[in-house]
Amino acid sequence: MERNKKSIVVLGAGFGGLRTVRRLWSLLGPLPGWSKNARASCEITLIDRNDYQIYTPTLYDIATIPKKYAESIALKHIATLPIEKALSGTNVRFVQDEVLSINETSQFVHLRDNEPIPFDYLVVAMGSEINYFNIPGLDELSIPLKSFKDALRIRDRLTTVFKEHTDPNIVIGGGGSTGIELAGELKNAILKGHWRKLLKGKESIILVEGTAFLLPGFHPKVVKLATNHLEKLGVNILTAKRIASVSKNIITFHDGSTIPFHVLIWTGGVKPSKLTRELNLRTETSGHISTNPDLTCAAAGPLLHITETIYAIGDIVCFRDPKSGKPLPGVVRHAMSEADVVAFNITEEIRQGKIRKAYRPHEWPYLIPVGGKWVIAKVGPIIFAGFGAWILKMLVEL
């Protein structure tokens with residue numbers, strides 16, 4: 001690391017982190033009205049423990065594709081993007097390593113296998129990890145759907161259970177968008193013939209949600225469309241059911257009722273990366289980092305100056321909508337928009353001093369697949385579902 005250069009370090013190669021480094025590279029280059037190419041005076045470093053980015057919208061597909069088909073295609077190339085490929089055309093330095101700690105005062109990132117990396121600007125975009133809410137037995141006896149390896153574990157476990165049991169109970173804990181997508185795709189895969197020859201009886205797909213409705217926080221019409229379609233597919237929906245504990249093949253709820261299971265898939269929540277608990281940054285009760293309107297971090301103590309060049313974006317952040325005061329949902333579109341603002345603010349400060357703009361969130365369109373070629377779309381005030389929305393989803397992903 002050349003210390004005569006400004007060091008910009010980005011932690012996490014998810015959607016927000018990758019977007020940040022690519023936008024930085026673009027904005028630091030030659031611009032109209034600027035004779036100086038700022039790239040020469042900066043070094044951008046991206047750090048992640050994996051050498052690939054996970055394309056999370058494909059995980060439920062990976063989890064439900066039969067193994068005989070999976071063996072004929074390169075699943076990892078469908079669900080992941082190599083970091084090296086994502087950074088092609090740039091001079092961004094990539095370091096594959098695990099972040100152990102950050103010293104905000106001395107401005108160093110400490111890694112497991114490499115020397116500490118100094119920074120002048122730091123962007124924390126390390127995302128989230130599974131939240132088991134301290135429910136006894138849940139961590140040990142469930143499979144999450146968070147990574148590519150998780151998706152493969154789910155697929156292999158389902159295949160084994162379908163071979164061994166005549167009437168398996170598959171329980172999905174969590175009725176948010178991930179749980180909805182997985183339940184719909186799994187049921188559709190069975191109805192269309194995937195795994196059907198392995199099933200000797202009638203399987204049960206049970207979707208459990210702790211609140212009164214599926215998709216908490218979504219538009220009521222979206223909730224109704226998703227619920228009705230899942231019920232039409234044959235998914236059993238249990239709402240207002242909070243899991244109290246999990247023992248071998250039995251789920252116990254807070255109301256004392258129980259249900260048996262052969263496979264329990266947990267999609268019921270995430271929490272910020274554990275790194276947030278070790279930083280001298282202000283956090284919410286949920287553990288998310290608090291940020292200022294320009295996405296700089298707020299300090300937990302009196303050393304306010306140490307956070308002026310530390311930014312945070314994505315799932316690790318609690319950014320409240322200026323209009324509603326409510327935290328923004330952890331969706332890709334917000335992370336990428338936050339990345340654009342952070343890249344702009346860092347670039348402008350390097351070029352001409354502290355000229356920063358605030359992040360102003362928008363209500364982005366969203367698409368929720370609910371099995372096969374049936375998708376719910378919300379674009380502004382317009383909500384529609386079915387095959388047409390599925391075509392829109394394919395265009396968006398392309």
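Bear in mind that the values here come from a model prediction, so they are computed numbers and not experimental data.

J.: What should I look at first to understand the sheet that holds strand S5 (residues 93-96) in this one?
T.: Either a parallel or an antiparallel arrangement is found when strands of a sheet pair, and the pairing is made through backbone hydrogen bonds. Pairing within the open sheet is parallel, and its five strands lie in the order S5-S2-S1-S9-S21. The open sheet terminates on both sides in strands that have one partner only, identified here as S5 and strand S21 (310-312). Strand-to-strand, the axes of this sheet are offset by a mean angle of 20°, without reference to chain direction. Where strand S9 (residues 121-124) meets S21, three bridges bridge the pair, whose relative direction is parallel.

J.: Got a minute to help me understand the pattern of salt bridges in this structure?
T.: A pair can form between side chains of opposite charge whenever their charged atoms are brought close. For the structure shown, the criterion picks out nine salt bridges. A salt bridge links Asp156 to Arg155; the shortest N-O distance between them is 2.9 Å. Look at Arg155 and you get buried, because its relative accessible area is 6%. Of the charged contacts, one joins Lys241 and Asp255 as a salt bridge, the two residues approaching to 2.7 Å between their closest N and O atoms. Residue Lys241 is located in the loop between strand S14 (236-238) and strand S15 (243-247), and its partner Asp255 is located in the loop between strand S16 (250-253) and strand S17 (258-260); the two are separated by 14 residues in the primary sequence.

J.: What's the story with the packing of aromatic side chains in this structure? I'm lost.
T.: How two aromatic rings sit relative to each other is given by the distance of their centres and the angle of their planes. What the rule picks out here adds up to four aromatic pairs. Ring centres of Phe133 and Trp266 lie 6.5 Å apart, and the angle between their planes is 80°; on these two criteria the pair is classed as edge-to-face. Here Phe133 is found in the loop between strand S10 (128-130) and helix H6 (138-141), whereas its partner Trp266 is found in strand S18 (residues 263-266), with 133 residues between them in sequence. Take Phe133: its relative accessible area is 45%, and that puts it in the partly exposed class. Taking the centre distance of 5.2 Å and the plane angle of 90° together, the rings of Phe218 and Tyr366 count as edge-to-face. A residue pair is termed long-range when its members are at least 10 positions apart, and Phe218 in the loop between strand S13 (204-208) and helix H9 (220-233) and Tyr366 in strand S23 (residues 366-369) qualify at 148 residues. Exposure remark for Phe218: the relative accessible area of 28% places this residue in the partly exposed category. By relative accessible area, Tyr366 is classed as partly exposed at 22%. The positively charged end of Arg39 is found above the aromatic ring belonging to Trp25, 4.1 Å away from the centroid.

J.: Could you clarify how one ought to interpret the packing of helix H1 (residues 15-27) against helix H10 (residues 332-352) in this entry?
T.: The angle between the axes and the distance between the axes are what describe a pair of packed helices. The N-to-C vectors of H1 and H10 enclose an angle of 35°; their axes lie 8 Å apart at closest approach. Considering how the two elements wind past one another, H1 and H10 form a crossing that is right-handed. Residue-level contacts link Phe15, Gly16, Arg19, Thr20, Arg23, Leu24 and Leu27 of H1 to Val332, Arg333, Ala335, Met336, Ala339, Asp340, Val342, Ala343, Phe344, Ile346, Thr347 and Arg351 of H10. Broken down by class, the residue content of the contact of H1 with H10 amounts to eleven nonpolar, three polar and five charged.

J.: Looking at this structure, how should I read the environment of His229?
T.: By the element assignment, His229 lies in helix H9. When the C-alpha positions of His229 and Gly184 are compared, they lie 8.4 Å apart, and in sequence the two are 45 residues distant. Discounting chain neighbours no more than four positions away, the residues touching His229 are Val370, Gly371 and Trp374.

J.: Looking at this structure, I do not really get the pairing of S18. What am I missing?
T.: Consecutive side chains of a regular strand alternate in pointing toward one face of the sheet and then the other. Side chains Val263 and Ile265 of S18 all project onto a buried face; the interleaved residues Leu264 and Trp266 project onto the opposite face, where all are buried too. As paired elements, strand S11 (residues 143-144) and S18 share two bridges and run parallel to each other. By the bridge assignment, Ile143 is partnered in S18 with Ile265. Relative to S18, strand S12 (residues 169-173) runs parallel, the two being bridged by four bridges.

Rules behind the numbers
- Throughout this document, residue positions are counted from 1 along each chain, in the order its sequence is written.
- Per-residue local features of the predicted model are confined to residues with pLDDT of at least 70, and side-chain atom pairs are confined, for both listing and counting, to 80 or more; whole-chain, interface and lining totals are unaffected and use all residues.
- Calculated side-chain values reflect all of the structure's heavy atoms, with hydrogen atoms and water omitted.
- A pair of strands counts as paired when DSSP detects no fewer than two bridges linking them.
- Put simply, DSSP marks the helices as runs of H or I at least four residues long and the strands as runs of E at least two long, and each gets a number from the N terminus on.
- In this description, a line fitted to the C-alpha atoms serves as the axis of each element, helices being fitted only across the stretch in contact, and the angle between N-to-C directions of two axes falls anywhere from 0 to 180 degrees.
- Take a side-chain nitrogen of Lys or Arg and a carboxyl oxygen of Asp or Glu: if they are within 4 Å of each other, that pair is a salt bridge.
- Think of it in three bands: with a 1.4 Å probe and only protein chains considered, a residue is buried below 20% of the maximum accessible area for its type, exposed above 50%, and partly exposed in between.
- Side-chain rings of Phe, Tyr and Trp, where Trp is taken by its six-membered ring, are said to pair if the distance between their centres is within 6.5 Å; with planes under 30 degrees apart they count as stacked, over 60 as edge-to-face, and otherwise as tilted.
- Here, a charge over a ring means that NZ of Lys or CZ of Arg falls within 6 Å of the ring centre while also lying within 35 degrees of the ring normal.
- With the far helix as reference, a near helix turned anticlockwise by less than a right angle produces a left-handed crossing, and one turned clockwise produces a right-handed crossing.
- When checking whether two residues touch, look at their non-hydrogen atoms; a contact exists if any pair is within 4.5 Å.
- Under the scheme applied, nonpolar residues are Ala, Val, Leu, Ile, Met, Phe, Trp, Tyr, Cys and Pro; charged residues are Asp, Glu, Lys and Arg; polar residues are all the others, including Gly.

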